[in-house]
Amino acid sequence: MDVQDETATRIVVGGALIHRGRLLAARRSAPAAVAGRWELPGGKAEPGETEAQALERELLEELGVRARALERLPGAWTVRPGLELHFWAAELLAGDPRPLEDHDELRWLGPAELDSVDWIDHDRDVLPHIARLLES
Ligand SMILES: Nc1nc2c([nH]c(=O)n2[C@H]2C[C@H](O)[C@@H](COP(=O)(O)OP(=O)(O)OP(=O)(O)O)O2)c(=O)[nH]1
């Protein structure tokens, strides 16, 4: 690996998985800094993966579902230096999400319930875009 690779910013992709007009929210079980707070499931893109591929892989690993990444949502957030968070809308293709890794509870939220869980701060910023997707 060359120096440029070692210093490159990694991307974390969070998926706004929407099904039948509701958004899937996931409560993190670790690490301690975010445990108990709610997020959009996903994870870090591996070298060579597109963001869409990374999200689809993470949703299969974490939730046991097949999903398709649809479009990137506006914005980018620095989780920590060298780690940047992007959000994508995604649709459920097959399976019933289960909290297999990293989460201890899942909840489908309707448009009027988006504010009902304790989101990680970055995730709260993207809720207005998700609200528009749920309305359309
Ligand atoms: N997956 C995800 N991570 C988020 C969100 N919001 C947010 O601040 N984060 C932070 C929490 C973590 O510090 C980091 C993502 O790490 P992760 O643990 O999900 O990534 P990963 O599954 O690939 O983890 P790893 O095992 O490779 O460490 O981004 C979000 O909506 N989804």
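Refer to the preceding data block for the structure.
Okay, so let's go over this structure. Here the residue numbering is sequential within each chain, running from 1 through the sequence in written order. Note on the predicted model: pLDDT of at least 70 is required for a residue's local features to be given, and 80 or more for side-chain atom pairs to be given and counted; whole-chain, interface and lining totals, by contrast, use all residues. In computing side-chain values, all of the structure's heavy atoms are included and hydrogens and water are not.

### A word on the pairing of strand S2 (residues 22-28)
Counted residue by residue, S2 has 5 buried out of 7 residues, so it is predominantly covered. Paired strands, as defined in this entry, are two strands with at least two bridges between them according to DSSP. Numbered from the N terminus, helices here are DSSP runs of H or I no shorter than four residues, and strands are runs of E no shorter than two. Sheet topology places strand S1 (residues 10-19) next to S2; 2 bridges connect them, and they run antiparallel. Bridge pairing links Ile 18 to Leu 23 in S2. In this antiparallel pair of consecutive strands, S1 and S2, the connection spans 2 residues, and Arg 20 shows a positive phi of 50 degrees. As judged from the 6 bridges shared by S2 and strand S8 (residues 103-109), these two strands associate in the antiparallel manner. Pairing of Ala 25 across the sheet is with Arg 107, part of S8. Two strands pair when backbone bridges link them, and S2 and strand S3 (residues 38-39) are joined in this way by 2 bridges, in the antiparallel orientation. From the neighbouring strand, Ala 26 faces S3, where its bridge partner is Glu 39. Throughout, exposure labels follow a simple rule: accessible area from a 1.4 Å probe, protein chains only, divided by the maximum for the residue type, with under 20% read as buried, over 50% as exposed, and the rest as partly exposed.

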